Amino acid sequence: MTNKAKFLVTGATGNIGGAVVSALLAKGMNVQAGSTRPETAQYDDRVEKVKLVYSETETVKAALEGINGVYLIAPPMDPFVQRVLIPFIDAAKKAGVNHIILNSSFGVEFEEDDALRITEKYLMACGVNYTIFRPNFIMENFTSGFIAPMIAEGGIFLAADEAKTSFVACKDIGACAAVAFDEMLYDGEFNLSGPEAISHSDVARIISKKTGRSIQYHALSEEEMLAAARAQGMPEASVEMFGGLYHLTREGIMARVFNDVNTITGTPPQSFAQFAASANW
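Residues numbered from 1 in each chain as written. Predicted model: local features only at pLDDT ≥ 70, side-chain atom pairs only at ≥ 80, totals over all residues. Heavy atoms only, no water.

What follows is about helix H4 (residues 115–125). Buried within H4 are the following residues: Ala115, Leu116, Arg117, Thr119, Glu120 and Leu123. The N-terminus of H4 is capped by Asp114, whose side-chain oxygen sits 2.8 Å from the backbone nitrogen of Leu116. After H4 finishes, the residue Gly127 shows a positive phi value of roughly 100 degrees. (Buried < 20%, exposed > 50% of the residue type's maximum accessible area, 1.4 Å probe, protein only. Helix = DSSP H or I, 4+ residues; strand = E, 2+ residues; numbered from the N terminus. Polar contact = N/O pair within 3.5 Å; in protein donor to acceptor, adjacent residues only side chain to side chain.)

Core analysis: the biggest nonpolar cluster contains 35 residues, and Val9, Ile16, Val21, Leu24, Tyr71, Phe133 and Leu192 have the highest contact counts within it. Elements represented by at least two residues in this core include exactly strand S1 (6–9), helix H1 (15–26), strand S2 (30–35), strand S4 (69–73), helix H6 (170–182), strand S9 (188–192) and helix H10 (260–265). In terms of residue count, H6 provides more of this core than any other element does, eight residues in total. Contacts of Val21, omitting those with residues within four sequence positions, involve Val9, Ala12, Val31, Tyr43 and Val47. Of all hydrophobic cores here, the second largest spans 34 residues; its members include Met139, Ile151, Ile198 and Ile253. (Core = buried A, V, L, I, M, F, W, Y, C linked by side-chain atoms within 4.5 Å. Contact = heavy atoms within 4.5 Å.)

Most of S4 is tucked away, with five of its five residues classed as buried. Burial along S4 is two-sided: Gly69, Tyr71 and Ile73 and Val70 and Leu72, pointing in opposite directions, are all buried. Handedness of the S4-helix H3 (residues 82–94)-strand S5 (residues 99–103) crossover: right-handed. (Right-handed = clockwise from strand over helix to strand, strands pointing away.)

Across the sheet, which stays open at both edges, the seven strands sit in the order S3-S2-S1-S4-S5-S6-S9 with parallel pairing between neighbours. Only two strands of the sheet have a single partner each, and these edge strands are strand S3 (47–51) and S9. Averaged over all adjacent pairs, the angle separating strand axes in this sheet is 20 degrees, with direction ignored. Here five bridges tie S5 to strand S6 (residues 129–135), and the two strands are oriented parallel to one another. In the strand pairing of S6, Ile101 is matched with Thr131. On top of the sheet, H1 reaches S1, S2, S3, S4 and S5; it is set at about 165 degrees to S1, its chief contact. Across the sheet, H4 touches S5, S6 and S9, and the angle it forms with S6 is around 160 degrees. (Pairing = 2+ DSSP bridges. Axes fitted to C-alpha atoms, helices over the stretch in contact; angles between N-to-C directions.)

We now examine the pattern of salt bridges. Inspection of the entire model under this criterion finds 14 salt bridges. With a shortest N-O distance of 3.0 Å, Asp44 and Arg46 are connected by a salt bridge. On the accessibility criterion, Asp44 (38% relative accessible area) is partly exposed. Owing to a relative accessible area of 53%, Arg46 belongs among the exposed residues under this scheme. In this structure, Glu120 and Arg117 form a salt bridge, with 2.8 Å as the shortest nitrogen-oxygen distance. One end of the pair is Glu120 and the other is Arg117, both in helix H4 and three residues apart, which spans about a single turn. (Salt bridge = Lys/Arg side-chain N within 4 Å of Asp/Glu carboxyl O.)

The description of an aromatic ring pair uses the distance of the two centres, along with the angle that the planes make with each other. Taken as a whole, this structure holds 13 aromatic pairs when the rule is applied. Aromatic pair Phe142 and Phe167: ring centres 5.4 Å apart, planes at 80 degrees, arrangement edge-to-face. Of this pair, Phe142 sits in the loop between S6 and helix H5 (148–152) while Phe167 sits in the loop between strand S8 (164–165) and H6; the two residues are 25 residues apart in sequence, bridging distant segments of the chain. Here Phe142 falls in the buried class, since its relative accessible area comes to 1%. On the basis of relative accessibility, which here comes to 4%, the residue Phe167 falls in the buried class. One aromatic cluster is present, built from ring pairs that chain together Phe142, Phe167, Phe272, Phe275 and Trp281. Here the guanidinium or amino end of Arg83 rests over the ring plane of Phe80, the centre of that ring lying 4.4 Å away. Of note, Arg256 hangs over the ring of Phe106, and the distance from its end group to the ring centre comes to 4.8 Å. (Phe/Tyr/Trp six-rings, centres within 6.5 Å; stacked < 30°, edge-to-face > 60°. Lys NZ or Arg CZ within 6 Å of the ring centre and 35° of its normal.)

As structure tokens, then:
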């Protein structure tokens with residue numbers, strides 16, 4: 001890949017976006033970080049920061065100018081996200097973007113009506129070189145994501161029963177993105193997981209051992225979990241999507257373990273114990 005190529009990372013202030021930016025920089029790539037509030041992006045002068053709001057055509061057009069590849073991240077918990085991602089894909093094609101990596105979601109291949117699955121199929125048929133990444137739940141949810149406030153209170157409160165999840169570290173997602181762009185890994189679909197599937201009880205034990213605090217997993221009913229989400233102001237459509245994710249978890253979909261991170265990068269993915277050992281708790 002030529003050093004003159006420029007790569008746009010959307011959602012660049014989030015956990016996954018930040019990891020992708022870091023991985024691209026590590027390979028010496030030219031990176032443009034797109035976000036709704038670029039002034040909050042904590043990047044050095046190697047990164048060009050741009051405002052990107054999917055629903056604002058002018059910001060999309062400006063962000064795509066001169067871009068060779070896009071790492072496309074959906075706004076979180078939007079059950080109708082195809083309504084903004086598909087027009088973005090069209091704009092990217094019109095702008096001459098050569099490669100789009102879609103950050104999709106683990107298990108969407110089983111849900112043909114899912115917004116991300118609809119977006120996947122549109123991207124695959126649109127004529128632009130594509131790569132589909134389907135990461136499992138990310139480990140960073142426990143340190144800086146939606147589960148972090150629960151950890152601060154000494155517990156994990158979710159409707160996962162004792163089902164297992166092959167959590168993946170954002171660092172491994174970023175490493176896969178850098179290789180996919182650099183080696184032009186076109187027209188592939190990859191399920192990104194960690195090396196093992198563990199339960200939330202296992203996670204609580206690992207965090208407790210690392211922090212010296214007593215962290216307990218509390219298996220909620222789906223009704224209890226969704227009631228808590230509503231109480232925190234989550235929109236009803238997002239509540240239903242949230243419930244669906246943990247339904248898939250209880251059904252065992254999130255317990256699948258894939259070797260795709262190792263296949264792409266040549267390095268085994270990080271385990272949760274390894275992640276916890278270096279995390280800032």
